[in-house]
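# A closer look at the structure
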Amino acid sequence: MMQTTNNDWKAWLDVLNAKPVYSTHEHHREAFSQQQLDLDLLFQWSYVGWCGPTPAATYEARTAWLDKIRFNTYFQWLEKAIMRIYGIEELTADNWDDVSHAIRHAHLSDADWHLNLMKQHGGYTGFLEDCFWNTGSDVGYPDFITPVYRLDMWMMGYHPESLTNERTTIHDQFEQPPTFAQYMERFEHELRSRRPSIAGLKCASAYQRTIAFSDASREDAKAVFGKQPSEISEAERNRFGDYMLQVALSLAAELELPVQIHTGLARLGGSNPLLLEPLIAAHPSNQFVLFHGGFPWTYDTAALAHNYDNLVIDINWLPLISTTAAQDALHVYADVLRDSGKIAWGGDTWTGEEAVGASMAFRHILARVCADKVNSGAWRSKDAERFADKIMYENAYKLYQIKR
């Protein structure tokens, strides 16, 4: 492969920066939450927060903290977004308070700042919202945001004390404790009634259990329903979730709803995307969307996509996890996919600032891949641009039936 120069990459980046993106996955917070932001809270509400708590408000503590995390890609792309939005050259202990004030002032001065900066600095035309704290919500912006519906609280809802990874329960929506029959009737009604406004279903079970979903009967689920979490085994709990997912898949096929599944970087022992192969094979009428490229098992995800037509690879979050891994994975996915319409991207962020960073990271890796493919002779320039249009917005519009 011919070596791609910085000039080649920058030329492609200029092309891609002029194009829009549509994100297939965000956890975007409501306007009143965004208006609380300053620099410290922005870090806490971003993936940088996974690197440890923000430092004490001293020059020495901030300098040491920045030195510790500066090379992590979560930090790098959020810093680049802050640089672009707020006009700084680098985040330092010296300008920390000034940047924090600028963030706070911008959000308090304009309640829509969080979305406007996504449009102006990130090139977003809209996104799909996974509002796990109020599933199915568009957080007040129906013209820009389309919700997906989370299944986890139903899959974990055998008892009010059985909570999701986010500490939510579906039993908050019942006035009286339901029977199992009432629970199932409400579940089906919920998905059917939500269909006009939602674009897909989401399963994030990988944070709580293995994604090796198995066949389970209605009797299996009914036997667990109503029991205290301490009274059942992990296998029994999983069977209840397995049955609820089976019912959801049947409804999703009927209602033409893609089913997004978190893979990788959760409970690592049970989140390898290959664990989903029996489920994917058993439900050819469903469109499965495997999130995060399955990182760190990106090759396993590619193998599944090679063999199954009812599978879409979504690389949301991956460019923030590791820009290098995302670039390598996208090269492989482009090679392996038999249908170039079966790949998508999302930011997977809570705030407008980090969403801008996610868009920048995605455009960065996509520009690298386009330049590499063209320079190697694998693609013509027009082919590379066609691939970019598809992954940046066209595939998402088509898959989720988004009105432009």
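Everything that follows concerns the structure shown earlier in this document.
All of these numbers come straight from a predicted model, not from anything done at the bench. (Residues numbered from 1 in each chain as written. Predicted model: local features only at pLDDT ≥ 70, side-chain atom pairs only at ≥ 80, totals over all residues. Heavy atoms only, no water.)

## Digging into the pairing of strand β1 (residues 21–26)
When you tally the buried positions in β1, you get six out of six residues, the bulk of the element. Bridging between β1 and strand β2 (residues 124–129) involves four bridges; their strand directions are parallel. The residue bridging S23 from the neighbouring strand is F127, located in β2. (Buried < 20%, exposed > 50% of the residue type's maximum accessible area, 1.4 Å probe, protein only. Helix = DSSP H or I, 4+ residues; strand = E, 2+ residues; numbered from the N terminus. Pairing = 2+ DSSP bridges.)

## Let's talk about the side chain of D314
Position of D314 among the secondary structure elements: in strand β8 (residues 311–314). Of the side chains with opposite charge, K202 lies nearest to the buried D314, which makes no salt bridge, at 9.7 Å. A polar atom in the side chain of D314 sits 2.4 Å from the side chain of T24. Each residue touching D314, except ones within four places of it in the same chain, is listed here: T24, V289, L290, F291, H292, G293, A344, W345 and G346. (Lys, Arg positive; Asp, Glu negative; His and termini not counted. Salt bridge = Lys/Arg side-chain N within 4 Å of Asp/Glu carboxyl O. Polar contact = N/O pair within 3.5 Å; in protein donor to acceptor, adjacent residues only side chain to side chain. Contact = heavy atoms within 4.5 Å.)

## Brief notes about the sheet that holds strand β6 (residues 259–261)
Taken together, the six strands give an open sheet; going across it, the order is β4-β5-β6-β7-β8-β9, and neighbouring strands pair in parallel fashion. Edge positions in the sheet fall to β4 (149–150) and β9 (343–344), since each of these pairs with one other strand and no more. Here two bridges tie β8 to β9, and the two strands are oriented parallel to one another. Paired with I313 across the strands is I343, a residue of β9.

## A look at the sheet that holds β2
Across the sheet, three strands lie side by side as β1-β2-β3; this open sheet has parallel pairing. The open sheet has two edge strands, β1 and β3 (145–147), and neither has a second partner. Between one strand axis and the next, the sheet turns through 20° on average, direction left out of account. Against the sheet, helix α16 (residues 352–376) engages β1 and β2, with an angle of about 110° to β2. (Axes fitted to C-alpha atoms, helices over the stretch in contact; angles between N-to-C directions.)

## Here's the deal with the packing of helix α15 (residues 323–336) against α16
One way to put it is that α15 packs onto α16 with a least axis distance of 9 Å and a crossing angle of 50°. Considering their axes alone, α15 and α16 lie oblique with respect to each other. The element α15 and its partner α16 pack so that their crossing is right-handed. Across the interface between the two elements, T323, A326, Q327, L330, H331, A334 and D335 from α15 touch H364, I365, L366, R368, V369, D372 and K373 from α16. Residues that form the contact of α15 with α16 fall into these classes: six nonpolar, four polar and four charged. (Parallel < 35°, antiparallel > 145°, perpendicular 65-115°, else oblique. Left-handed = near helix turned anticlockwise from the far one by under 90°. Nonpolar A, V, L, I, M, F, W, Y, C, P; charged D, E, K, R; others polar.)

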